[in-house]
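Chain residues, written in single-letter form:
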Amino acid sequence: MIHKSRRQKLLNQIEDNGLIILSTNPENIRNGDVLYPFRPDSDFWYLTGFKEPECIAVISKDNYSIFLRERDPEREIWDGERLGVSRANEALMSDNAYPISELNQKLPQLISKSEHIYFDIDNTYRGSEILEMIPKSKLKSIKHLINEMRLHKDELEISLMRHAASISVKAHELAMQKVRSGMFEYEITSLFDQIFRANNAEHAYPPIVAGGKNSCILHYINNDQELHENDLLLIDSGCEYEGYASDITRTFPVSGKFSNAQKEIYSIVLDAQKVAIDEMYVGNNIRAPHFEASRVIKEGLISIGLMKPNDDIRKFYMHGTGHWLGMDVHDVGDYNIEDSPRRFEEGMVMTVEPGIYIRGDAKIDTKFHNIGIRIEDDVLITKNGPEVLTGSLVKEIDDIESIMTK
Ligand code: GLY
Ligand code: MN
Ligand code: MN
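So, here's what we can say about the structure. (Residues numbered from 1 in each chain as written. Chains lettered and ligands numbered in written order. Predicted model: local features only at pLDDT ≥ 70, side-chain atom pairs only at ≥ 80, totals over all residues. Heavy atoms only, no water.)

**Some thoughts on the site of ligand 1**
And then number 1: Around ligand 1, the structure places Tyr205, Asp236, Asp247, His323, His330, Glu353 and Glu376.
And then number 2: His330 has a polar side-chain atom sitting 2.6 Å from an oxygen atom of ligand 1.
And then number 3: Contact between ligand 1 and Glu353: an oxygen atom at 3.1 Å from a side-chain N or O atom of the residue.
And then number 4: Against a free-state accessible area of 190 Å², the protein chains account for coverage of 85% of ligand 1.
And then number 5: Across the shell around ligand 1, the residue classes tally to 1 nonpolar, 2 polar and 4 charged. (Near = heavy atom within 4 Å. Polar contact = N/O pair within 3.5 Å; in protein donor to acceptor, adjacent residues only side chain to side chain. Areas by Shrake-Rupley, 256 points an atom, 1.4 Å probe, with all protein chains shown as cover. Nonpolar A, V, L, I, M, F, W, Y, C, P; charged D, E, K, R; others polar.)

**Some words on the coordination of the manganese ion (ligand 2)**
And then number 1: Protein coordination at the manganese ion (ligand 2): the donors are Asp247 (OD), His323 (NE2), Glu353 (OE) and Glu376 (OE), at 2.0 to 2.3 Å from the metal.
And then number 2: What the 6 donor atoms of the manganese ion (ligand 2) show is an angle range of 50 to 153° at the metal, which sorts the shape as irregular.
And then number 3: Linear spacing of the donor residues for the manganese ion (ligand 2) on their chain is D-x75-H-x29-E-x22-E.
And then number 4: Between the two metals, the manganese ion (ligand 2) and the manganese ion (ligand 3), the spacing is 3.2 Å, and Asp247 donates to both. With Asp247 in the loop between strand 13 (244-245) and strand 14 (248-253) and Glu376 in the loop between strand 19 (371-374) and strand 20 (377-382), this residue pair connects regions lying 129 residues apart in the sequence. Neither residue differs from the other here; Asp247 and Glu376 are each classed as buried. (Donors = N, O, S within 2.8 Å, 3.2 Å for Na, K, Ca; no water. Tetrahedral: all angles 85-135°; square planar, octahedral: opposite > 155°, others 65-115°. Helix = DSSP H or I, 4+ residues; strand = E, 2+ residues; numbered from the N terminus. Buried < 20%, exposed > 50% of the residue type's maximum accessible area, 1.4 Å probe, protein only.)

**Brief notes about the packing of aromatic side chains**
And then number 1: Evaluated as defined, the whole model comprises 5 aromatic pairs.
And then number 2: With a centroid separation of 5.3 Å and an interplanar angle of 15°, the aromatic rings of Phe184 and Tyr186 are classed as stacked.
And then number 3: Owing to a relative accessible area of 26%, Phe184 belongs among the partly exposed residues under this scheme.
And then number 4: Here the aromatic rings of Phe192 and Phe196 are separated by 6.0 Å at their centres, their planes lie at 80°, and the arrangement is edge-to-face. Pair noted here: Phe192 and Phe196 are both in helix 9 (residues 185-198), with a separation of 4 residues, about one helical turn.
And then number 5: Looking at Phe192, the relative accessible area reads 0%, which means it is buried. (Phe/Tyr/Trp six-rings, centres within 6.5 Å; stacked < 30°, edge-to-face > 60°.)

**Digging into the coordination of the manganese ion (ligand 3)**
And then number 1: Looking at the manganese ion (ligand 3), the protein donor atoms are Asp236 (OD), Asp236 (OD), Asp247 (OD) and Glu376 (OE), and they sit 2.0 to 2.3 Å from it.
And then number 2: Here the manganese ion (ligand 3) is ringed by 6 donor atoms whose angles at the metal span 58 to 168°, and the overall shape comes out irregular.

**Structural notes on helix 11 (residues 288-303)**
Structural remark: α-helix, 3.6 residues per turn; residues separated by three or four positions point the same way.
And then number 1: With 16 residues, helix 11 ought to run about 22 Å at 1.5 Å a step, and its terminal C-alpha atoms sit 22 Å apart, in line with that.
And then number 2: Regarding helix 11, the residues found buried are Ala288, Pro289, Ala293, Ser294, Val296, Ile297, Gly300 and Leu301.
And then number 3: Phi turns positive, to about 80°, at Gly305, one or two residues after helix 11. (Expected span 1.5 Å × (residues − 1).)

**Some details on the packing of helix 10 (residues 260-278) against helix 12 (residues 397-405)**
And then number 1: Close contact between helix 10 and helix 12 brings their axes to 11 Å; oriented N to C, the two are set at 120°. If you check the angle between helix 10 and helix 12, you find them oblique. Facing helix 10, whose interface residues are Lys263, Tyr266 and Ser267, helix 12 presents Ile397, Ile400 and Glu401.
And then number 2: Considered class by class, the residues forming the contact of helix 10 with helix 12 number 3 nonpolar, 1 polar and 2 charged. (Axes fitted to C-alpha atoms, helices over the stretch in contact; angles between N-to-C directions. Parallel < 35°, antiparallel > 145°, perpendicular 65-115°, else oblique. Contact = heavy atoms within 4.5 Å.)

**Regarding the nonpolar core**
And then number 1: If you look at the biggest cluster of nonpolar residues, it comprises 106 residues, and the most contacted ones within it are Ile66 and Ile188.
And then number 2: Counting residues per element, this core draws most heavily on helix 8 (residues 155-178), at 11 residues.
And then number 3: The residues touching Ile188, leaving out its near neighbours within four places in the chain, are Ala175, Val179, Met183, Val209, Leu227, Leu233 and Ile235.
And then number 4: Residues Ile56, Phe67, Tyr125 and Ile134 belong to the second largest nonpolar core, which totals 17 residues. (Core = buried A, V, L, I, M, F, W, Y, C linked by side-chain atoms within 4.5 Å.)

**A look at the sheet that holds strand 21 (residues 385-388)**
And then number 1: Spatially, 17-20-21 is the arrangement adopted by the 3 strands of the open sheet, whose pairing is antiparallel. Edge strands, defined here as strands with exactly one partner in the open sheet, are strand 17 (349-352) and strand 21. Taking each pair of neighbouring strands and ignoring which way they run, the sheet shows an average axis angle of 40°.
And then number 2: Where strand 20 and strand 21 come together, 4 bridges link them in antiparallel fashion. Looking at strand 21, one finds that Thr382 is bridged to Gly385. (Pairing = 2+ DSSP bridges.)

**As for the pattern of salt bridges**
And then number 1: Evaluation of the coordinates by the stated rule reveals 28 salt bridges.
And then number 2: For Arg374, the salt bridge is made with Asp236, and the minimal N-O distance between the two is 3.0 Å. Pair noted here: Arg374 is in strand 19 and Asp236 is in strand 11 (residues 232-237), with a separation of 138 residues, a long-range link.
And then number 3: Residue class for Arg374 comes out buried when judged on its relative accessible area of 4%.
And then number 4: Classification of Asp236 as buried rests on a relative accessible area of 6%.
And then number 5: One network of salt bridges, with partners in common, ties together Asp43, Arg150, Lys153, Asp328 and Asp331. (Salt bridge = Lys/Arg side-chain N within 4 Å of Asp/Glu carboxyl O.)

Okay, here's the thing in structure tokens:
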């Protein structure tokens, strides 16, 4: 039902005789004849609710047709049950269901009735074939309208995102409790695998489990090094539940006690994150969290003598403070409207993730070396202000130290 109302809402934004073609992404080979687990295209999932590969939806105001794989008793022994053509209309609320093998015969007929054909080829199944069937003069892009819809989360999406967040919170708590020096980063990674799978979720993106100097590598995913007593451990890991991502980073000491230098840097990042969250309210400039976080980080680093007023903050803080979050971890949605930053609106979800990264070759007191700290939460914009979906996960120094010694 929700998918039908989403299709309706999308159709209301195009011409009466417009027609939208959506296609899943293809299955991908991992190696030999082994495929990666299939994960449907987000737009396709969002608008159809259908999670099988090799499927194409054709949507107009008076007809919703779906092309899908036929039942195949032989293949189903190997790969599991398929919905199949005869059950599709009832399950998907479509008007017509056709075998995908009939795409070349049927799609031109469906297209021929319409003057405006909306289709985006990016990474879609049989995309170039579909494109060839569409007269150039009729072709339009639908992506932008779908992106705007996905950017504003509906109630169901918000509840799924809350649930994804709660699963990820549990995994981060377990990691804080279980870490000991001498363990390897992959042993901590496995706690995330376990909690996610035990809750019918999976990783939304490759987890970063980075001890010591690895905490300064922004996209570290090897996760194969030993953890030492004096290391910090930076973990950026979030699950996807029913198509919706969470994205959390916490940084904590392997020993369970922050050193004074670690505390100094951590406190600056935490202050930066808090002022950034305060900026996440309806009507405010979406760049405000980054401006404020950057200001607090710069002032903090100047106050402890690690930066001078004219230094470039990007030496220690070289990424943005947040991104849209939803079905994709870096979710769709414009950040600017006509070259100006857009304003926060109800139902948007953005991460807030300031950090400071001091590598071992920085020309400053060595007690600060190899300290990489990021604190990341997921924030829903509501009419009552920011709601931190991941807010139950500890981040104050005392609270982290206390959960780690229990
Ligand atoms: N985990 C990806 C990110 O924080 O953007
Ligand atoms: Mn993020
Ligand atoms: Mn992250």
